[in-house]
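Coordinate analysis (summary)
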Amino acid sequence: MAREKQQNLFQPEDFPDPLPAWEIADQSDVICAEVVFNLPVDKPYLYRIPDDVRGHLHAGQRVQVPLGRGNQTQVGYCVGLSRPPANWGPERWSKLKMLTAVVDEFPLLTPRMLELTRWIAEHYLCSWGQVLETVIPAGVKKQSGTRMVTLIQLSATAREQRAALELTDKQAAVFDFLSLATAPVPMDEVTKAAKCGTVPVNALRGKGLIESVKVRAGNFSLPDYDGAVQPDLKMNVDQTKALDIIHTALRSGKHRTLLLHGVTGSGKTEVYIQAIREVVSYGRQAIVLVPEISLTPQTIRRFQCRFPSVAVLHSHLGDAERHWHWQQIAQGRVQVVVGARSAVFAPCPHLGLIIIDEEHETTFKQDSTPRYHAREVARKRAELEQIPLILGSATPTLESWRRALQNEDQLVSMPRRVEGLPMPPVMVVDVRNDPELNGGASIGRALRNAMQVALDAKGQIILFLNVRGYSPVLWCRACGAGVKCPHCDITLTWHKDQAEAICHSCDYRSKIVTHCPHCGHAGVKGLGTGTQRLETEVKARFRGYPCLRMDSDSMQRAGSHDIALERFRAGEIRILLGTQMIAKGLDFPNVTLVGVIDADTLLHQPEFRASERTFHLIAQVAGRTGRSIKGGRVLVQSSSPGEMPIQMAAQHNFPGFAKRELAVRQEMNYPPYQQLTRVILRGPVEQTVQQTAKAMAEHLKQVALEMNSPVRILGPAPAPVARLKAHYRYHFQLSAPTLEMIQTLWRGVKDNLPHGKDVEYVVDVDPLNLR
């Protein structure tokens, strides 16, 4: 988990109250800059602008300014230009501090993107500066992959002086070349064109005919896609209807959100591509967001082979590469931006469409400040740009589904697979009395037999288990205690290939655990099954059939993911097993069997979205098979085979599941019928964290009562993971019919909240992770 942002690191006395900002009236009167910082301070500060900076400073540029009582130099973001009110006297005006320097030559964000970032700050209850720090990549701020170079050009008076001066042949050649140049030229290019050395150039400089200019130039580039260009595919009736609706939305010139609900294998990607084709024909750009885990080389190639200019943005890019992409996008040279969550901020000057594929994925929600959800940010950006937003999924979130049912968004259905292929039959196997599992195996008798049949028929198999490592629990036979991480309230996972017990939260590592840390007994045993143990079992039971494991442990080398999938596509690998990495976005026609090793891993989690996530996972994994005339089937192993989400997923019945689950949510006052905001506190001393959480919650309850606010405060209580990275954690929740009610209450109390020593807190609006 990413480090949680510290909210009360600075005390109020460290910063004087920021002076209020006013809207600009007349450009000639602009003498103040509104500046925000990467600090938990809501309002912008006002700074005087030096005379030599006037006309060069614009909203969206970074500036250096003195901050605090010590006047420490800090870099902030200029978010506006203002003038003080008429009733300010010279004495008050003179107290304003002077801006020191302008960091950026040009604005990093457009006015519309500044408006979007301000909305994010207001919506997610954080500061504007914190949002800007996240939105602008580090590589862009550092101008990575660029360097200052010296170029030469004719001076302003060179042509007037030329007639009066006698030049040598080489000097004349240099002068003539530069007189034809439309921009400053590098020295080596000049000497090459004039067929001379640097002496004639320096002689002209001495005569005042040429001058040097320093500019920033890039030294990074990517090779062009060299694969074959593919034509658009022929679409079926459902795809054609969906595309017609999207075209209507595109041509309307207005914002509209379309929920594209298509079963797995229905051809949603082709609809996206042909919709983008329409957008590109208008001379506009498109952003396509996909979950990081689905950003596979296969996904990328689908777009690269159809469009000549595609930028791919993901978390593994280096600073120089990310900066280069940012420049290309901002200059309008990119038609399609494909990326993970942060690609929603791509600086497209001619944006015409935003698409979010697999919109149900929880990775679209950021788990550090600002804790934004890319879907809601995309919705707001599309609204500001007056363009359509497409949300695509076979298993939409209940929030998106309810919006469509209420006609807030438009539902577009694609209920059939392409080429009329049937949905694969799903068999739920009750493994409570399975002799294989009771004997310690992970693959039950029914699944083992089905695997053998598939292999004998020359088919391929995908096995899904969302637990990595060898054994997820280390357990003492003597005292019954689990071996936990010394820094977290989480059991260590045994990784046999590394001979280490690892904490998957803080990465604490311990060599072979031979004795229980609680009672000292030597009988420590590994319980449960992870992907490493499953791999060992598959290789032992199905000798002679190549098997490959794909999880974050085995796919760490650059390019390993692509190599693994290509081997599977070529038939070199017959059995592919892994975590969520193999559950989404893969299309292999020869996969005739999918096995879900344990469907209960998410079902019994202590949170209200457990049923929804169980349905999503089974439905998405099941969609990996039956994608050719060979057909396919799915076997789901479960100890709770009668549970509603498992049964509905087996029937491929999302509308039926949504109807039942929404009824439960409404009865229990859970989202989407109520809005939630979670406040998480942490600190090194448990008692202090507990007392601070209680004091904050009580203060909120009191203010809510005084304001007659309908907001309910639930808690505080220890967080489900009560200790994480050596910090104790408590949390409480704010619940209300609308988010605006929560925002109003929070803004009313934020500046007066009690706080304890070394206690930090974060605010998570619309939380998805309740651990």
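Computed from a predicted structure; not experimentally measured.

Observations regarding the overall build of the protein
- Per the secondary structure count, the protein includes 23 helices and 30 strands.
- Relative to its length of 771 residues, the protein is compact, with a C-alpha radius of gyration of 30 Å against a globular reference of 28 Å.
- For the protein, with 771 residues in total, the buried portion stands at 52%.
- Across the protein, every contact between residues at least 6 apart in sequence was considered, and the portion connecting residues at least 24 apart equals 76%.

Focus on the side chain of His 314
- Within the secondary structure, His 314 is located in the loop between β11 (310-313) and α12 (319-330).
- Looking at His 314, its side chain comes within polar contact range of the main-chain nitrogen of His 316, at 3.1 Å.
- Those residues within four positions of His 314 in sequence are excluded, and the remaining contacts are Glu 292, Leu 295 and Arg 322.

What about the packing of aromatic side chains?
- Applying the stated criterion to the full structure yields 10 aromatic pairs.
- With a centroid separation of 4.5 Å and 10° between ring planes, the pair formed by Phe 615 and Phe 657 is classed as stacked. Pair noted here: Phe 615 is in helix α19 (residues 610-622) and Phe 657 is in helix α21 (residues 654-668), with a separation of 42 residues, a long-range link. For the pair Phe 615 and Phe 657, a shared accessibility class is recorded, and that class is buried.
- Relative to Phe 657, the ring of Phe 654 has its centre 6.5 Å away and its plane inclined at 45°; by these criteria the two rings are tilted.

Quick notes on the sheet that holds strand β17 (residues 460-464)
- As summarised here, the arrangement of the 6 strands in space is β16-β26-β25-β17-β24-β23, forming an open sheet in which the pairing is parallel. The sheet terminates laterally at β16 (426-430) and β23 (547-550), the two strands that pair on one side only. Each strand axis lies, on average, 20° off the axis of its neighbour in the sheet, ignoring direction.
- Taken together, the 4 bridges between β17 and strand β24 (residues 575-578) define a ladder with parallel strand orientation. The residue of β24 that forms the bridge with Ile 462 is Leu 576.
- Across the face of the sheet, helix α18 (residues 560-569) comes into contact with β17, β23, β24 and β25 (591-596) while running at roughly 145° to β23.

Re the sheet that holds strand β20 (residues 500-502)
- Reading across from one edge, β19-β20-β21 is the order of the 3 strands in this open sheet, with antiparallel pairing throughout. Across the chains shown, the open sheet's two edge strands, defined by having one partner strand only, are β19 (493-495) and β21 (509-510).

A look at unusual backbone geometry
- With an omega dihedral of 10°, the bond running from Pro 671 to Pro 672 counts as a cis peptide bond.
- Within the secondary structure, Pro 672 sits in the loop between α21 and β27 (675-683).
- Following Gly 715, the chain continues to Pro 716 via a peptide bond in cis, the omega torsion being 15°.
- By secondary structure assignment, the location of Pro 716 is in strand β28 (residues 712-724).
- Positioned with a positive phi, Gln 386 is a non-glycine residue whose angle comes to about 55°.
- Structurally, Gln 386 is set in the loop between α13 (374-385) and β14 (388-393).

Focus: a nonpolar patch on the surface
- On the surface, a nonpolar cluster with roughly 250 Å² of combined accessible area is contributed by Val 664, Met 668 and Tyr 670.
- With respect to the element layout, Met 668 can be found in helix α21.
- Using a relative accessible area of 45% as the deciding quantity, one classes Met 668 as partly exposed.

Here we look at the pattern of salt bridges
- Per the counting criterion, the structure on display carries 44 salt bridges.
- Arg 371 is the salt-bridge partner of Asp 764, the closest N and O atoms lying 3.7 Å from each other. Separated by 393 residues along the polypeptide, Asp 764 in strand β30 (residues 760-765) and Arg 371 in the loop between β13 (351-357) and α13 bring together distant segments of the chain. Pair check on accessibility: Asp 764 and Arg 371 agree, each one buried.
- Between Glu 399 and Arg 609 there is a salt bridge, with the nearest N and O atoms lying 3.3 Å from each other. Residue Glu 399 is found in helix α14 (residues 398-405), and its partner Arg 609 is found in the loop between β25 and α19; the two are separated by 210 residues along the sequence. This pair shows no difference in class: Glu 399 is buried, exactly as Arg 609 is.
- Overlapping salt bridges, with partners in common, bring together Glu 359, Arg 375, Glu 376, Arg 379, Arg 403, Glu 408 and Asp 409 in one network.

Some remarks on the pairing of β13
- Across the 7 residues of β13, 7 count as buried, placing the element largely inside the fold.
- Across 5 bridges, strand β10 (residues 285-289) lies against β13 in parallel orientation. Across the sheet, Gln 285 pairs through a bridge with Leu 351, a residue of β13.
- In the sheet, β13 pairs with β14 via 4 bridges, with the strands oriented parallel. Its bridge partner being in β14, Asp 357 is matched across the sheet by Gly 392.

Focus on α18
- Where α18 is concerned, the buried positions are Ser 560, His 561, Ala 564, Leu 565 and Phe 568. Axial view of α18: buried residues confined to an arc of 125°, hence all on one face.
- Lining the buried residues of α18 we find α11 (297-304), β17, β23, β24 and β25.
- Positive backbone phi, approximately 85°, marks Gly 571, located one or two places after α18.

Parameters at a glance
- Each chain carries its own residue numbering, running from 1 in the direction its sequence is written.
- Local features are withheld for residues below a pLDDT of 70 in this predicted model, meaning they are given only at 70 or higher, and side-chain atom pairs are given and counted only at 80 or more; totals for whole chains, interfaces and linings count all residues.
- Hydrogens are left out, water is left out, and the side-chain values use all remaining heavy atoms of the structure.
- Secondary structure elements are defined from DSSP: runs of H or I of at least 4 residues count as helices, runs of E of at least 2 residues count as strands, and each element is numbered from the N terminus.
- Taken over C-alpha atoms, the radius of gyration is set against a globule rule of 2.2 Å times the number of residues to the power 0.38.
- The buried label goes to any residue with under 20% of its type's maximum accessible area, the exposed label to any with over 50%, and the partly exposed label to all in between, with areas taken from a 1.4 Å probe on protein chains only.
- Any two residues whose heavy atoms approach within 4.5 Å at even a single point are treated as in contact.
- Any pair of nitrogen or oxygen atoms within 3.5 Å is treated as a polar contact; in protein, a donor-acceptor pairing is required on top of that, and neighbouring residues in sequence qualify only through side-chain atoms on both sides.
- In summary, the pairing rule links any two rings of Phe, Tyr or Trp, Trp by its six-membered ring, whose centres are within 6.5 Å, and it sorts them by plane angle into stacked for under 30 degrees, edge-to-face for over 60 and tilted for everything else.
- Pairing between strands requires that DSSP locate at least two bridges from one strand to the other.
- Axis lines are fitted through C-alpha atoms, for helices just across the contact stretch, and the angle between N-to-C directions can take any value from 0 to 180 degrees.
- Only residues above 30% relative accessible area that lack a salt bridge enter a patch, with like-charged residues linked at up to 9 Å and the nonpolar side chains Val, Leu, Ile, Met, Phe, Trp and Tyr linked at up to 5 Å.
- Per-residue and other accessible areas were derived by the Shrake-Rupley procedure at a 1.4 Å probe size, with only the shown protein chains allowed to occlude residues.
- For this analysis, a salt bridge means a side-chain nitrogen from Lys or Arg found within 4 Å of a carboxyl oxygen belonging to Asp or Glu.
- The arc in question is traced by the directions running from the helix axis to the C-beta atoms.

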